[in-house]
Amino acid sequence: MVSSDVFSLLKNELPVQQDSLSLSSHLKTGLVLVDIVNGFCTVGSGNLAPQAPDKQIQGMVDESVRLAKEFCRRDWPVYALLDSHHPDIPEPPYPPHCIAGTEESELVPALHWLEKEPNATLRRKDCIDGFIGSLEKDGSNTFVDWVKANEIKAVLVVGICTDICVLDFVCSALSARNRRLLTPLEDVIVYSHGCATFDLPVHVAKNIEGALAHPQEIMHHVGLYMAKGRGAKVVSEVSFGT
Ligand SMILES: [Zn+2]
């Protein structure tokens, strides 16, 4: 069975109902950008970057930039996670990537301007889960503080990878919300076209020792399905009302 057949089967057997989201100033919403850094998004930028132009990843970057601009124009809060590793601390099963101080761990060029935005909070993280990656040594958490300080009722999550860093962050945020650690947060919303994952088809993976196959369309869908199963809302359209 080829990958496209499996994908059709998956979409039938594990359907993910997606809604439209209309944002307005009535519901205080924060935007979370997960790992939109060169090391995952820019062609040829290291071990985990796409090796050739990638439609899903480029679409994710374009939509994330669009949302980030809309949020900043309205002075709505933005929280950007940047994967950033110490060179001596590996992150199995992944090869070295996004080493701190290199271009790989910097925001993609289309988001460089975010570094100077007063309402954007940038957070470097050295693990998959950005919620855990937001923990400080003293036990405080910059993401929790950001939600509380901005009185955020909903977070809209975009970035890469749908089934890895986005999913783990979403799961942790939902658990933290349920424990009332994130009051007044009510909703964690994943925007499907604002997310992407990498492509490692089975015929390529089998020639790489120890590699786990990771077909892009399938794993993107599975990531959305898992997020929804944990209690996230999944939307396929985001618009801005008055
Ligand atoms: Zn990493």
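Residue numbers restart at each chain and count upward from 1, following the sequence in its written direction. In keeping with the model being predicted, local features are shown solely for residues with a pLDDT of at least 70 and side-chain atom pairs are shown and tallied solely at 80 or more, while totals for entire chains, interfaces and linings include all residues.

1. Side note on the overall build of the protein
Under the DSSP-based scheme used, a helix requires at least four consecutive residues in state H or I and a strand at least two consecutive residues in state E, with every element numbered from the N terminus. When helices and strands are counted, the protein shows 7 helices and 7 strands. Secondary structure elements in the protein, listed N-terminal to C-terminal, are α-β-β-α-α-β-β-α-β-α-β-α-α-β. A compact globule built from 242 residues should have a C-alpha radius of gyration of about 18 Å, and the protein, at 17 Å, falls within 12% of that. Overall, the protein is about 50 × 45 × 35 Å in size when its C-alpha atoms are taken along their principal axes. Exposure is read from a count of other C-beta atoms within 10 Å of each residue's own; the residue is exposed at 12 or fewer, buried at 20 or more and partly exposed in between. C-beta atoms are placed from the backbone. Counting only residues that meet the buried cut, the protein has 40% of its 242 residues in that class. Long-range contacts, defined as pairs at least 24 residues apart, comprise 75% of the intrachain contacts of the protein with a sequence gap of at least 6. Radius of gyration: over C-alpha atoms. The globule rule applied is 2.2 Å multiplied by the number of residues raised to the 0.38 power. Two residues qualify as a contact pair if the distance between their C-beta atoms, derived from the backbone, is within 7 Å.

2. Some points on the packing of helix α5 (residues 165–178) against helix α7 (residues 216–230)
Direction vectors running N to C along α5 and α7 enclose 0°, while the axes themselves pass 10 Å from each other. In this view, α5 runs roughly parallel relative to α7, as classed from their interaxial angle. Every residue of α7 that contacts α5 at Val166, Leu167, Val170, Cys171 and Leu174 is listed here: Gly223, Met226, Ala227 and Arg230. Residue type decides the class: Asp, Glu, Lys and Arg count as charged, Ala, Val, Leu, Ile, Met, Phe, Trp, Tyr, Cys and Pro as nonpolar, and the leftover types, Gly among them, as polar. Tallied by class, residues from the contact of α5 with α7 come to 7 nonpolar, 1 polar and 1 charged. Axis lines are fitted to C-alpha atoms, over the contacting stretch for helices. Their N-to-C directions set the angle, which ranges from 0 to 180 degrees. For this classification, under 35 degrees means roughly parallel, over 145 means roughly antiparallel, 65 to 115 means roughly perpendicular, and everything else is oblique.

3. As for the environment of Pro95
Tracing the backbone shows Pro95 in the loop between β3 (78–83) and β4 (120–125). With 51 residues separating them along the chain, Pro95 and Gly44 place their C-alpha atoms 15 Å apart.

4. Re the UniProt feature "domain: Isochorismatase-like" (unreviewed entry) in the protein
UniProt positions are given in the numbering used here, feature names are shortened, and annotations may be inferred rather than shown by experiment. As annotated in UniProt, the feature "domain: Isochorismatase-like" (unreviewed entry) corresponds to residues 30–175 in the numbering used here. When the span residues 30–175 is considered, its composition is 29% helix and 16% strand, and the gap between its end C-alpha atoms is 18 Å.

5. A word on the sheet that holds strand β2 (residues 29–34)
Paired strands are those between which DSSP finds at least two bridges. In spatial order, the strands read β1-β7-β6-β5-β2-β3-β4; together these 7 strands make up an open sheet with parallel pairing. In the strand order of this sheet, the two ends are held by β1 (19–23) and β4, each with one partner. Sheet twist, expressed as the average angle between the axes of neighbouring strands with direction ignored, equals 35°. Those strands touched by helix α4 (residues 142–149) are β2, β3 and β4, and its axis lies near 165° from that of β4. Docked against the sheet, α5 engages β2, β5 (154–160) and β6 (187–196), running at close to 160° with respect to β5.

6. So, the nonpolar core
The nonpolar side chains of soluble globular proteins are, as a tendency, buried together. What we call a nonpolar core is a set of buried Ala, Val, Leu, Ile, Met, Phe, Trp, Tyr and Cys residues whose membership is set by joining through C-beta atoms within 7 Å. Counting residues in hydrophobic clusters, the biggest one holds 62 residues, and the most contacted among them are Leu33, Val34, Val157, Ile160, Val166, Val170 and Val190. Filtering out sequence-adjacent residues up to four positions away, Val170 remains in contact with Val157, Val188, Val190, Ala227, Arg230 and Ala232.

7. Things to note about the environment of Val43
Along the chain, Val43 falls in the loop between α2 (38–41) and α3 (55–73). Sequence separation between Val43 and Asp54 is 11 residues; the distance between their C-alpha atoms is 8.2 Å.

8. Description of the environment of Ser3
One can find Ser3 in helix α1 (residues 3–13). Sequence spacing of Ser3 and Ala68 is 65 residues, and the spatial spacing of their C-alpha atoms is 33 Å. Discounting residues that sit within four places of it in the chain, Ser3 has contacts with Pro201, Pro215 and Ile218.

9. Section: α5
Helix span is expected to be 1.5 Å times the residue number reduced by one. Between its terminal C-alpha atoms α5 stretches 20 Å, which fits the 20 Å expected from 14 residues at 1.5 Å a residue. What α5 keeps buried is the set Cys165, Val166, Leu167, Asp168, Phe169, Val170 and Ala173. Elements that come into contact with the buried residues of α5 comprise β2, β5, β6 and α7. Within two residues after α5, Arg180 carries a phi angle of roughly 65°, on the positive side.

10. Notes on the packing of α1 against α7
Contact geometry of α1 with α7 gives a least axis separation of 9 Å together with a crossing angle of 15°. In this view, α1 runs roughly parallel relative to α7, as classed from their interaxial angle. Taken as a pair, α1 and α7 cross one another with a handedness that is left-handed. Listed contacts from α7 to Ser3, Val6, Phe7, Leu10 and Lys11 of α1 are Glu217, Ile218 and His221. In terms of residue class, the contact of α1 with α7 is built from 4 nonpolar, 2 polar and 2 charged. By the definition used in this description, the sense in which the near helix is turned from the far one sets the handedness, with an anticlockwise turn below a right angle giving left-handed and a clockwise turn giving right-handed.

11. Some details on unusual backbone geometry
Going from Pro92 to Pro93, the amide bond is cis rather than trans, its omega being 5°. Its place among the elements puts Pro93 in the loop between β3 and β4. For the bond from Thr183 to Pro184, the omega torsion is 15°, close enough to zero to count as cis. In this structure, Pro184 sits in the loop between α5 and β6. The phi dihedral of Asp35 is positive, around 55°, even though this residue is not glycine. Take Asp35: it is sitting in the loop between β2 and α2.

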